[in-house]
Amino acid sequence: MSGQDRPVGALFRRFRERLAAARSADGRRLAGAGDAGGERLVTTEDVGGARAGADRVPRAGRRGRRGGEELAVPPVEFTSYYGRPIVKAPVWRWDIPAYLFTGGLAAGSSLLAVGGQVTGRPALRRAGRLVALGAVGASTVFLVHDLGRPARFHHMLRVAKVTSPMSVGTWILAVFGPAAGVAAVAEAAPWLPSRGVPGLARRVLPSVGQGAGWVAAVTAPALATYTGVLLADTAVPSWHEAYPELPVVFAGSALASGAGVGLLAAPVRQAGPARRLAVAGAAVELAAVHRLETRLGLLSEPYRVGRAGRLLRASRLLTAAGAVGALVGRRSRVLSAVSGVALLAGSVATRFGIFHGGVASARDPRYTVVPQRERLDRRAAGG
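Summary of the structure given here. The shown structure was predicted, so the numbers you read here are calculated from the model rather than taken from an experiment.

Scoring rules and cut-offs
Residues numbered from 1 in each chain as written. Predicted model: local features only at pLDDT ≥ 70, side-chain atom pairs only at ≥ 80, totals over all residues. Heavy atoms only, no water. Phe/Tyr/Trp six-rings, centres within 6.5 Å; stacked < 30°, edge-to-face > 60°. Helix = DSSP H or I, 4+ residues; strand = E, 2+ residues; numbered from the N terminus. Buried < 20%, exposed > 50% of the residue type's maximum accessible area, 1.4 Å probe, protein only. Patch = residues over 30% accessible without salt bridge, like charges linked within 9 Å, V, L, I, M, F, W, Y side chains within 5 Å. Areas by Shrake-Rupley, 256 points an atom, 1.4 Å probe, with all protein chains shown as cover. Salt bridge = Lys/Arg side-chain N within 4 Å of Asp/Glu carboxyl O. Lys, Arg positive; Asp, Glu negative; His and termini not counted. Charge placed at Lys NZ, Arg CZ, Asp CG, Glu CD. Expected span 1.5 Å × (residues − 1).

1. Comments concerning the packing of aromatic side chains
Here is step 1 of the chain: Per the stated rule, a full pass over the model turns up 3 aromatic pairs.
Here is step 2 of the chain: When the centroid spacing of 6.0 Å and the interplanar angle of 25° are considered together, the rings of Trp92 and Trp239 count as stacked. With Trp92 in the loop between β2 (68–71) and α3 (95–119) and Trp239 in helix α8 (residues 237–240), this residue pair connects regions lying 147 residues apart in the sequence.
Here is step 3 of the chain: Between Trp239 and Phe355, the ring centres sit 6.2 Å apart and the planes meet at 40°, which makes this aromatic pair tilted. Within this pair, whereas Trp239 is found in helix α8, its partner Phe355 is found in helix α12 (residues 333–363), the two being separated by 116 residues in sequence. Here the two residues Trp239 and Phe355 agree in accessibility, since each one is buried.

Now the structure itself:
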């Protein structure tokens, strides 16, 4: 019978016999070497495990000695996961940092409007109300554009989850937007006729606008800071680790941008609250950004280098210049307007800088792996 005509079973039995004979020979050889070297007896079961381990261990990691081999796996130096980042970078585009800016601008402007309302500064109140309405409208447009379909924003209002920053933010917008709209519409009361239904609206709207302005102002702090909580709630390393600082950075940026509106739109004699707001907002923002760039260790690096570093450096210069200009430009309308523009530009640079810093940290696996190893080492040392 030729080799081609042999049954499959006979070929398999012959292969199995040869394999058993080879294992027995290797086992006897290793056992004899072990006895000569004073080591333990190596069985045929150890041979299979040793062969499997030897196939996985580089030759540089083997240390031979008399009586057998000591197999050791060399420490792994991490570079990436199959050449890809561990954390998927956000797919958000420019509309999300623009959404972050316009939300903060709306919040700061509504606080400015209440300040003008309480202190009897109609130009400051009017500018704050109108800008708050326009900014919250733009913020909603940016959010809907990122969601892809307008119906998705409506669908987010079907539920309310206090554990979801996005759900909470949607409801904050749903409360702030109508209140800011009513307050802005109330500014049209002096242009209405004094008779009939328009006359009634002319008499009622100022009081309704004051109440709506207070509702918007009360909601403004949540609107200004929830976006920082939203970013920190993601797995992006430099955002997640900065959860104490991001809401503070966004709150200071919102105050500075609202003050910029007042300095730009109100006359010098009515811009007192805007100047105080500019100094307070700039101080909070600069202190929080400095802490963001120094406290996080390795995770602060994405905020200091690349596009994010350039934007945040520009933000510091513009915000500081705007605050100084607000203080020294008490009598100059031009200097006040320039200071307002600087504060608004600094707020834009802050939001885009924070955004690009987080994206950069997600694209580099080092910012994910190194902090994890450091946390594990600290836990092991503490345990």
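That was the structure; now back to the text.
2. Comments concerning a positive patch on the surface
Here is step 1 of the chain: A cluster of basic side chains, namely Arg307, Arg310, Arg313 and Arg363, defines a positive patch on the protein surface.
Here is step 2 of the chain: If you tally residues by element for the positive patch, the top one is helix α11 (residues 306–328), at 3 residues.
Here is step 3 of the chain: Structurally, Arg307 can be placed in helix α11.

3. Quick notes on α3
Here is step 1 of the chain: With 25 residues, α3 extends 36 Å from end C-alpha to end C-alpha; this agrees with the ideal 36 Å at 1.5 Å per step.
Here is step 2 of the chain: Counting buried positions along α3 gives 21 out of 25 residues, so the element sits mostly inside the fold.
Here is step 3 of the chain: Looking one or two places after α3, you find Gly120, whose phi comes out positive at around 70°.

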